[in-house]
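# A look at the structure
The primary structure of each chain is shown beneath.
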Amino acid sequence: MAGRFAFTVDAAIENIPVVADGIEDYLVSAGVNPAIVPDIELAVDEVMTNIITHGFRRQAGTIGITCSIGEGVVRIEIRDRAPAFNPLLLKEPDISVKLEDRPVGGLGIYLVRKVMDAVSYEYRDGENVLTLEKKIPE
Amino acid sequence: MAMQFERQNGILIVRVDGRLDAFGANELNVRIRDALHDDDRALLLDLASCQYLSSGGIRVFLAYQREMQRRQGGFALAGVQEYPEKVLDIAGFTCVFGIYPSVDAAMKELSRFLPGGEPGAGPHRQDLSRNNVTFTEAAGLAAGASLHIIGDLNNVLYSRITEHDIRLRRFSEIEYSLGLGALGVSVADAMPVLGEMITLHGSMVWLPTDGHNTPDFLTPQDPDRGDVLVYTGFAATLRGSFSEYLTVTCGDEPLTLTGLYRLIFTHAKKRPGGFSGIVAVALLGIVDGIASTGVKRSPVRANAPADGSSIMSPPNLSEWVATDTRYTYTGDTLVSFGIGIDLSSDLSAFDSADVSALSYINPANRGDQEMYLHNHGVVFRNVPYDDTRDLNSQIRTIVSEGEFLDMRHLLDSTRIRRAKAGIAYIQSIEREL
């Protein structure tokens, strides 16, 4: 089981379901255990939302997504040319505080860390590159 | 993603079918905002057909939970599926929202935020299928009320207003008035654009007859505009205070303005001391549908119909008066001021010339008309409805903080779903000649 799935979309919220469908089709046709698909979709949803709203500040831009399977892991690379920003440096939200005092910012990346097995960031050739890994259950 | 909206027992239920990703959450947010009425106090999201949720959806839930708290209402989720529940759990929000296994269970919980309280609360529970009407005496001694009239409505009706008839008024001190007026730097400037106007606690809204059909809303607190000086050719101002308050919550059928005034007149006739036949009414209510009318041209002498006929006569009507009988602004908040004359009362307490200056019914020719009403209303949105608070202070708050939508001369067929109205029983009419 191998191969890659790569595509580029405009940085727009309405493309999030399009990307989710594409990734789901690829993973299902590759025979990946469907139980992990929603987690991967969630992580991609949250990362794309961050890039669109914070990275590009809702201005025009593109997002590149590469999905690959190997060594028992689904690996997703998400790239954009918005100003360099490492979302992993965001402070984790304190989910123990009262609702009224809780900021909603940072929740997305918090969810990404929780549902993925590994998340890494690098700034490479003028691009933000976020790599997500999810182990495929036996 | 698809959404279905439904109201059941006063609860707005939104059925979400599909994925609540960031895109779906945006759509949900906009659709709820459009569907929510100002008197809604209970919002229920049925997520039984929603298999996916991300932080965008949680943000929307949180925003509406806060909005319903602001309204002293309730927000609940029902039928939350396995994956959305997992996301809520990881994010630490399962104990933040009221989550119920079924729509029925959530409705039971939300019903305590609705008028009538919990189901089965006993004999005090309101019958929600019928109109619920309460009259309450105003606190303290009612000092009596009068109407102060500038000009004569017949001069409007026959387009006879001259510069001589125009008065300059400072509106920041007037609580309730309606009439015809304009802003301008001079009488000559104001004359061509005189239009329907209303004053509410020092704020003034008018509909210039400049062809744009767009009201102009001024508050005296607006530092850029200074104090509001208005040229008026006809104005009826309430002097004195409300004697009684009427609170009405409609059942299955909304109430027209005619129906509302009928309730008031019927009640007024049973009052000790009798009823002289004229009331002034300030109303705060939830719209079922606004139907409106209004002058399109400034009714000044230069514009008068050549044959001396009324601007309301059939050949002139369409050129002079814009009438819109399609019901609009459902669920929005109406603040209105108006005058009602009960034509079955004898009205002998008033000089017939004064009554005629206030209405365009010839007292000698009442026909079979039951009442004469003249109401101007301002529409606001996003104002939580609360009929337990003091009417004057609530109107003051809405006028300064509400989201202004429109101002219209209301047709008597305008329908409301619930309202709190202050009633002033008019004892005399003073005219400024």
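Residues numbered from 1 in each chain as written. Chains lettered and ligands numbered in written order. Predicted model: local features only at pLDDT ≥ 70, side-chain atom pairs only at ≥ 80, totals over all residues. Heavy atoms only, no water.

The next subject is helix 1 (residues 22-35) of chain B. Residues and elements named next belong to chain B. Compared with an ideal rise of 1.5 Å per residue, which puts 14 residues at 20 Å, helix 1 spans 20 Å between its outermost C-alpha atoms and is within 8% of the ideal. For helix 1, every residue scored as buried is listed here: A22, G24, A25, L28, I32 and A35. Seen along its axis, helix 1 keeps its buried residues to an arc of 150 degrees; they face one direction. Exposed and facing more than 90 degrees away from the buried side of helix 1 are R33 and D34. (Helix = DSSP H or I, 4+ residues; strand = E, 2+ residues; numbered from the N terminus. Expected span 1.5 Å × (residues − 1). Buried < 20%, exposed > 50% of the residue type's maximum accessible area, 1.4 Å probe, protein only. Arc of directions from axis to C-beta.)

Turning our attention to the packing of aromatic side chains. Residue and element names in this part refer to chain B. The tally for this structure, following the rule as stated, stands at 16 aromatic pairs over all chains. One aromatic cluster is present, formed by F61, F75, F93 and F97 through successive ring pairs. Cation over ring: R19 sits above Y52, and NZ or CZ is 4.1 Å from the ring centre. (Phe/Tyr/Trp six-rings, centres within 6.5 Å; stacked < 30°, edge-to-face > 60°. Lys NZ or Arg CZ within 6 Å of the ring centre and 35° of its normal.)

Okay, the interface of chain A and chain B next. Listed per partner, the contact involves 24 residues of chain A and 22 residues of chain B. Interface area for chain A against chain B, summed over the two sides, is near 2000 Å², with a carbon-plus-sulfur share of 61%. Counting every contact that joins chain A to chain B gives two salt bridges. For B:R19, the salt bridge identified is with A:E41, shortest N-O distance 2.6 Å. Between the two partners, chain A and chain B, sit 10 residue pairs in polar contact (both at pLDDT 80 or more). Listing elements by their share of the side of chain A that touches chain B, those giving two or more residues are helix 1 (16-29), helix 2 (37-55) and helix 3 (107-115) of chain A. For the side of chain A that touches chain B, the class distribution of residues is 13 nonpolar, three polar and eight charged. (Contact = heavy atoms within 4.5 Å. Buried area = accessible area lost by both parts, 1.4 Å probe. Salt bridge = Lys/Arg side-chain N within 4 Å of Asp/Glu carboxyl O. Polar contact = N/O pair within 3.5 Å; in protein donor to acceptor, adjacent residues only side chain to side chain. Nonpolar A, V, L, I, M, F, W, Y, C, P; charged D, E, K, R; others polar.)

The α-helix winds at 3.6 residues per turn, so residues separated by three or four positions along the chain end up facing the same way. For helix 2 (residues 55-70) of chain B, which comprises 16 residues, the first-to-last C-alpha distance of 23 Å matches the rise-based estimate of 22 Å (1.5 Å per residue) to within 8%. Every buried residue of helix 2 of chain B is accounted for by B:S55, B:G56, B:G57, B:I58, B:V60, B:F61, B:L62, B:Y64, B:Q65, B:E67 and B:M68.

Before going further, it helps to examine the domain arrangement of chain B. Residue and element names in this part refer to chain B. The domains assigned to chain B are domain 1 (2-113) and domain 2 (119-433). Here the C-alpha centre of domain 2 lies 39 Å away from the C-alpha centre of domain 1. Overall, the association of domain 1 and domain 2 removes approximately 950 Å² of surface from exposure, summing both partners, and the carbon and sulfur fraction of that is 41%. Joining domain 1 to domain 2, the criterion identifies two salt bridges. Residue D39 is joined to R418 by a salt bridge in which the shortest nitrogen-to-oxygen separation is 3.1 Å. Here domain 1 is connected to domain 2 by 10 residue pairs in polar contact (both at pLDDT 80 or more). (Domains from an automatic or database assignment.)

This brings us to the sheet that holds strand 3 (residues 73-80) of chain A. Residues and elements named next belong to chain A. Reading across from one edge, 1-2-3-5-4 is the order of the five strands in this open sheet, with antiparallel pairing throughout. Only two strands of the sheet have a single neighbouring strand rather than two, namely strand 1 (4-10) and strand 4 (118-124). Taken pair by pair, the neighbouring strands of this sheet meet at an average axis angle of 15 degrees, ignoring direction. Together, strand 1, strand 2 (62-70) and strand 3 form the strand contacts of helix 1, whose direction differs from that of strand 2 by roughly 15 degrees. (Pairing = 2+ DSSP bridges. Axes fitted to C-alpha atoms, helices over the stretch in contact; angles between N-to-C directions.)

Attention now moves to the pairing of strand 21 (residues 415-432) of chain B. Residues and elements named next belong to chain B. Alignment of strand 7 (residues 145-150) against strand 21, held across six bridges, turns out to be parallel. Residue pairing in the sheet places L147 in a bridge with I429 of strand 21. Note that strand 14 (residues 244-249) and strand 21 share six bridges and pair antiparallel. Bridge pairing in strand 21 links V248 to A419. As defined by bridge partners, strand 15 (residues 255-256) adjoins strand 21 across two bridges and the pair is classed as antiparallel. What sits directly across from L255, in strand 21, is I416. The pairing of strand 16 (residues 278-295) with strand 21 spans 10 bridges and is classified as antiparallel. Among the inter-strand pairings, G285 is bridged to a residue of strand 21, identified as A419.

What follows covers the packing of helix 1 of chain B against helix 2 of chain B. Residues and elements named next belong to chain B. Packing of helix 1 against helix 2 leaves a shortest axis separation of 8 Å and a crossing angle of 20 degrees. Put simply, helix 1 runs roughly parallel to helix 2. Contact residues: A25, L28, N29, I32 and R33 in helix 1; G56, G57, V60, F61 and Y64 in helix 2. In terms of residue class, the contact of helix 1 with helix 2 is built from six nonpolar, three polar and one charged. (Parallel < 35°, antiparallel > 145°, perpendicular 65-115°, else oblique.)

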